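So the chains spell out like this:
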Amino acid sequence: MNNDTGQSNHDSRARLGRRRFLAATTGAAGVMILPARLVRGTAANSAVRVGLLGCGGRGTGDATHMLDTGLARITALADLFPDQLAKAKQRFNSLAQQKGYAGLNDQQLFLGPTAFQQIAHSNEVDAIIIATPPYFHPEHLEAVVAAGKHVYCEKPVAVDPDGAQRVIACGQKAAGRLSLDVGFQIRNAPPFVELVKRIHGGALGTIVCGEAYYYGTYLNRPAWPNASPNERRLRNWVWDRVLSGDIIVEQNIHAIDICNWVLQGHPLKASGVCGRKVRPDPGDASDHYNVVFTYPEGVHVTLNSTQFDRGWWDVNERFFGSKGVSESHYSGPCAIYGDEPWSWNTARSPQKPESKEFSATGSFSDNLAQADPEKKKAFLESILSGQFHNQAAQGAESALTAMLGRTAAYQGREVTWDEVANSHEKWESNLDLNHL
Ligand SMILES: NC(=O)c1ccc[n+]([C@@H]2O[C@H](COP(=O)([O-])OP(=O)(O)OC[C@H]3O[C@@H](n4cnc5c(N)ncnc54)[C@H](O)[C@@H]3O)[C@@H](O)[C@H]2O)c1
């Protein structure tokens with residue numbers, strides 16, 4: 001990544017520090033190769049039986065992508081709310097019928113506050129997708145890993161540092177036994193994979209600074225006027241700081257994860273601001289963030305974000321180096337300019353009909369068109385081959401990076417990585433799921 005030969009001892013220590021962070025958190029190399037027959041017994045070549053926990057927009061999309069690979073069947077569903085469970089049952093029964101598979105067994109539909117434990121213990125699933133609101137991810141991941149199921153956990157893995165530590169511990173328990181993926185599908189998008197490979201190969205020279213921005217549209221949702229206040233919070237968790245982690249942890253984390261990927265590490269400190277001026281919803285999430293992250297070797301990266309834009313959106317990361325500049329839009333150029341110019345030809349990406357719209361489910365055209373199919377295929381193949389993934393530490397690292405920016409913005413001061421990563425700060429939703 002960096003051709004600068006004048007590294008200081010401090011810089012080397014920073015890199016070593018990150019290697020130690022990942023080594024300590026994965027517990028091993030992160031990947032262990034086992035013969036396929038040891039992985040799923042005699043069923044090694046059959047489809048992976050997938051359960052979906054959290055039957056909303058993203059979970060339904062994740063499960064559909066898994067089904068579309070031909071490597072999986074959806075065999076169980078779990079949700080807090082009956083209408084969400086019923087919708088998903090109808091969808092996956094209809095998809096099963098179209099594909100000539102058996103539909104869902106009613107015994108495998110789990111409802112209510114303990115549904116996550118029931119699906120985790122089901123004998124009819126090998127792997128579980130966790131696509132519940134972020135606040136629940138550590139608890140749900142712990143249950144799934146304890147029950148010995150492979151897991152695809154949506155981002156962010158947690159909303160607070162305590163949750164991130166719990167996820168790291170789950171990764172250590174899963175290491176070598178289970179595949180544990182985190183929903184950063186952009187890391188599997190072919191244009192991004194090629195771009196980052198070139199940057200790591202030195203195409204930008206010495207990286208000096210960068211900018212990432214996540215300018216998004218308002219996330220509109222039904223108001224649920226007749227629901228209780230607690231049910232309304234859950235239904236519209238994206239508007240709620242504690243349930244979502246706020247927009248930097250819930251949504252901007254995709255751009256932050258790419259910065260960590262490109263720079264092969266996490267920032268050492270951050271300062272920033274955030275605010276809420278024009279969001280029309282009754283929640284308390286911010287509508288913008290402006291943060292400066294300092295990565296090792298003094299690489300400053302600004303993160304700017306909004307979540308209220310009308311008629312326009314753009315998500316992009318730019319890195320400025322001694323040999324060139326890169327940019328990587330969700331939709332638009334994915335390119336390197338300068339001494340080693342390169343550009344992904346978007347004509348190579350299949351187009352999807354929603355190409356002009358911002359997609360709340362994460363389904364985008366152009367540079368991200370293949371992100372989800374590739375990510376789901378890689379997850380399922382890791383289970384079938386026994387070459388298990390372990391993305392818990394990486395998922396926690398990006399979540400902690402977003403929390404670092406959030407803490408700096410909330411507290412209006414410079415905050416260090418160590419303060420946040422080592423803190424046991426825990427957020428409370430004050431929700432009793434048995435009395436909504
Ligand atoms: N990777 C991506 O690009 C991407 C895109 C969108 C969303 N996401 C992530 O996916 C997750 C889900 O987002 P979404 O947009 O599908 O939300 P959603 O509100 O559409 O779905 C959440 C589902 O979880 C259910 N639920 C809530 N609390 C529950 C609990 N305690 N136990 C069981 N079920 C519960 C809800 O009833 C709902 O069906 C979030 O973590 C979000 O950040 C990722």
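Predicted model, so just to flag it, every value in this text is computed and none were measured.

Chemist: I'd love a proper account of the overall build of the chain, names of residues and values included.
Modeler: Within the chain, the regular secondary structure consists of 15 helices and 15 strands. Sequence separation of at least 24 residues holds for 73% of the intrachain contacts in the chain that already meet a minimum separation of 6. For the chain, the accessible area works out to roughly 17800 Å², and carbon and sulfur atoms hold 51% of it.

Chemist: Now, about the sheet that holds strand E7 (residues 207–217): what can you tell me, with residues and values included?
Modeler: Paired through their backbone hydrogen bonds, the strands of a sheet run either parallel or antiparallel. Sheet architecture is open: nine strands sit in the order E14-E13-E12-E11-E7-E10-E9-E8-E15, paired in mixed fashion. The open sheet has two edge strands, strand E14 (342–343) and strand E15 (415–416), and neither has a second partner.

Chemist: Help me get a handle on the environment of Phe 379, residues and values and all.
Modeler: Take Phe 379: it is sitting in helix H13 (residues 371–385). A relative accessible area of 1% means that Phe 379 is categorised as buried. Taking C-alpha positions, Phe 379 is 9.0 Å from Val 151, a pair spaced 228 residues apart along the chain.

Chemist: Kindly report on the site of the ligand, identifying the contributing residues and their values.
Modeler: Every one of the 31 residues lining the ligand counts as a neighbour, but Arg 58, Asp 79, Gln 84, Trp 237 and Glu 250 are closest to it. In this structure, Thr 132 approaches the ligand through a main-chain N or O atom, which is 3.5 Å from an oxygen atom. Here Glu 250 contributes a side-chain N or O atom positioned 2.6 Å from an oxygen atom of the ligand. Those elements that provide at least two residues to the shell around the ligand are helix H3 (57–68) and helix H6 (137–146). The element best represented in the shell around the ligand is H3, accounting for three residues. Per-class residue counts for the shell around the ligand are twelve nonpolar, 13 polar and six charged. The residue makeup of the shell around the ligand includes at least three contributed by each of domain 1 (15–186 + 382–391) and domain 2 (189–367 + 396–426).

Chemist: Tell me what's going on with the side chain of Asp 287, and back it up with residues and numbers.
Modeler: Of note, Asp 287 is situated in the loop between strand E8 (269–275) and strand E9 (288–295). For the buried residue Asp 287, which engages in no salt bridge, the nearest side chain bearing the opposite charge is Arg 279, 6.0 Å off. Side-chain polar atoms of Asp 287 contact the backbone nitrogen of Lys 277, separated by 2.8 Å. Within the structure, the side chain of Asp 287 is placed 2.8 Å from the backbone nitrogen of Val 278, a separation counted as a polar contact.

Chemist: Describe the confidence of the model for the chain, with residues and values.
Modeler: Averaged over all residues, the pLDDT of the chain is 89; the fraction at 70 or higher stands at 85%. Scored below 50 in pLDDT, residues 1–45 makes 77 contacts in the model with residues more than four places away or belonging to other chains.

Chemist: How would you sum up the state of the cysteines? Please name residues and give values.
Modeler: Under the criterion given, the structure shown has zero disulfides. Here Cys 153 is not cross-linked by a disulfide; its sulfur's nearest cysteine counterpart is in Cys 170, at 8.8 Å.

Chemist: Talk me through the sheet that holds strand E2 (residues 72–79); I want residue IDs and the actual numbers.
Modeler: The strand order across the open sheet formed by six strands is E3-E2-E1-E4-E5-E6, and the pairing between neighbours is parallel. Looking along the sheet, the strands with just one partner apiece sit at the ends: strand E3 (109–111) and strand E6 (180–182). Neighbouring strand axes in the sheet, compared pairwise and without regard to direction, differ in orientation by 20 degrees on average. Bridge analysis of strand E4 (residues 127–130) against strand E5 (residues 150–153) gives four bridges, and the strand direction is parallel. In the strand pairing of E5, Ile 129 is matched with Tyr 152. Packed onto the sheet, H3 meets strand E1 (48–53), E2, E4 and E5 and runs at close to 165 degrees relative to E2. Sitting on the sheet, H6 is in contact with E1, E4, E5 and E6, with an inclination near 165 degrees to E5.

Chemist: Describe in detail H6, supporting the description with residues and values.
Modeler: Among the ten residues of H6, seven are classified as buried, and the element is accordingly described as predominantly covered. By the burial criterion, the buried members of H6 are His 137, Pro 138, His 140, Leu 141, Ala 143, Val 144 and Val 145. Buried positions along H6 lie against E1, helix H5 (115–120), E4, E5, helix H7 (161–174) and E6. Positive phi shows up at Gly 148, right after H6, with a value of about 75 degrees.

Chemist: So, the pattern of salt bridges: which residues are in play, and what are the values?
Modeler: Under the counting rule described, the total for this entry stands at 25 salt bridges. For Arg 318, the salt bridge goes to Glu 327, with nearest N and O atoms at 3.1 Å. Each of Arg 58, Asp 62, Glu 154, Asp 372 and Lys 376 takes part in salt bridges that share partners, so that together they form one network.

What counts and how
Residues numbered from 1 in each chain as written. Predicted model: local features only at pLDDT ≥ 70, side-chain atom pairs only at ≥ 80, totals over all residues. Heavy atoms only, no water. Helix = DSSP H or I, 4+ residues; strand = E, 2+ residues; numbered from the N terminus. Contact = heavy atoms within 4.5 Å. Areas by Shrake-Rupley, 256 points an atom, 1.4 Å probe, with all protein chains shown as cover. Pairing = 2+ DSSP bridges. Buried < 20%, exposed > 50% of the residue type's maximum accessible area, 1.4 Å probe, protein only. Near = heavy atom within 4 Å. Polar contact = N/O pair within 3.5 Å; in protein donor to acceptor, adjacent residues only side chain to side chain. Nonpolar A, V, L, I, M, F, W, Y, C, P; charged D, E, K, R; others polar. Domains from an automatic or database assignment. Lys, Arg positive; Asp, Glu negative; His and termini not counted. Salt bridge = Lys/Arg side-chain N within 4 Å of Asp/Glu carboxyl O. pLDDT = per-residue confidence, 0-100. Disulfide = S-S within 2.5 Å. Axes fitted to C-alpha atoms, helices over the stretch in contact; angles between N-to-C directions.

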